[in-house]
Amino acid sequence: MKKRYLSFVLLLTALASCSKKENVSPFFFSCMIEGNKYAIENEIGAYAVVFSNTSNTIYGTELENVKTATPRTMYITLESTKGVGVHQCNGKNSIFFEDTDKVVYRTNFNNGSGQIEITEKTAEVIKGKFSGIAKSFTNPIKTINITSGEFSVRFR
């Protein structure tokens, strides 16, 4: 009888611990912009698409969050031929950021710079790191520093 009771208690404990686990997405897009955290921690706003036969786009956007009154958007454009390794931002590979005030910054505008490191790339997932100095089209030119960038996203 004690063995049955002990088995029953162990089973209930195991079931209770399973039900407490949160459903956390393994997909994210995050960085620091001028020292402030920018993070998308769900599959809705953190994802990648094959934009064309020559370009992939990796998104970290608040546009999908209806609770955000003035959503910001960041994305990385990367040549589709780029695989695991470090790639410099240039005309074809760049980091884009649109802030809440709708000012657009890019690493390939007005002598901006940056790099994108791909650490894993499959047909389903792309992971990596990024950083850069992005500049605006505005007059006067505005500059933002992007540091500690990381992403792990699924292709849609």
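Note: the structure precedes this text.
Residues numbered from 1 in each chain as written. Predicted model: local features only at pLDDT ≥ 70, side-chain atom pairs only at ≥ 80, totals over all residues. Heavy atoms only, no water.

Engineer: An account of the overall build of the protein is requested, with residue identities and associated values reported.
Structural biologist: The secondary structure content of the protein amounts to one helix and 11 strands. For the protein, the succession of helices and strands along the chain, N to C, is α-β-β-β-β-β-β-β-β-β-β-β. Counting across all 156 residues of the protein, residues that qualify as buried make up 37%. In the form shown here, the protein has an accessible surface area of approximately 9600 Å², with 54% of it arising from carbon and sulfur atoms. (Helix = DSSP H or I, 4+ residues; strand = E, 2+ residues; numbered from the N terminus. Buried < 20%, exposed > 50% of the residue type's maximum accessible area, 1.4 Å probe, protein only. Areas by Shrake-Rupley, 256 points an atom, 1.4 Å probe, with all protein chains shown as cover.)

Engineer: Provide a residue-level description of the environment of cysteine 89, including the pertinent values.
Structural biologist: Summarising the element assignment, cysteine 89 is placed in the loop between β6 (85-88) and β7 (94-98). Cysteine 89 gets classed as buried once you look at its relative accessible area, which sits at 14%. Taking C-alpha positions, cysteine 89 is 10.0 Å from isoleucine 133, a pair spaced 44 residues apart along the chain. Residue contacts for cysteine 89: discarding those within four places in its chain leaves Ser94, Ile95, Thr107, Ser113, Gly114, Gln115 and Ile116. (Contact = heavy atoms within 4.5 Å.)

Engineer: Give me the lowdown on the pairing of strand β9 (residues 113-121), citing residues and values where you can.
Structural biologist: Judged from the four bridges that link them, β6 and β9 form a sheet pairing that is antiparallel. What sits directly across from glutamine 88, in β9, is glutamine 115. Where β9 and strand β10 (residues 125-136) come together, eight bridges link them in antiparallel fashion. Within β10, the residue paired with isoleucine 118 across the bridge is glycine 128. Here β9 folds back onto β10, and the loop between the two strands holds three residues. (Pairing = 2+ DSSP bridges.)

Engineer: Help me get a handle on the environment of threonine 122, residues and values and all.
Structural biologist: Relative to the helices and strands, threonine 122 resides in the loop between β9 and β10. Residue threonine 122 is classed as partly exposed on the basis of its relative accessible area of 35%. Sequence-wise, threonine 122 and arginine 154 are 32 residues apart; in three dimensions their C-alpha atoms are separated by 9.3 Å. In this structure the side chain of threonine 122 is engaged in a polar contact, spanning 3.1 Å, whose partner is the backbone nitrogen of glutamate 124. (Polar contact = N/O pair within 3.5 Å; in protein donor to acceptor, adjacent residues only side chain to side chain.)

Engineer: An account of the pairing of strand β3 (residues 46-50) is requested, with residue identities and associated values reported.
Structural biologist: A large share of β3 lies buried, amounting to four of its five residues. Relative to strand β4 (residues 55-61), β3 is paired through five bridges, and the arrangement is antiparallel. Bridge pairing in β4 places alanine 46 opposite glycine 60. Where β3 hands over to β4, the hairpin turn is made up of four residues, counted between the paired strands.

Engineer: Pulling in residues and values, what's your account of the nonpolar core?
Structural biologist: Ranked by internal contacts, the top residues of the largest apolar core, which has 26 residues, are Phe29, Met74, Ile126, Phe130 and Phe151. Going through the elements one at a time, β1 (28-33), β2 (36-40), β3, β5 (73-79), β7, β9, β10 and β11 (143-154) are the ones with two or more residues in this core. A total of four residues in this core trace back to one element, the largest contributor, which is β11. Counting residues in each nonpolar core, the second largest holds five residues, with Tyr47, Val49, Tyr59 and Phe96 among its members. (Core = buried A, V, L, I, M, F, W, Y, C linked by side-chain atoms within 4.5 Å.)

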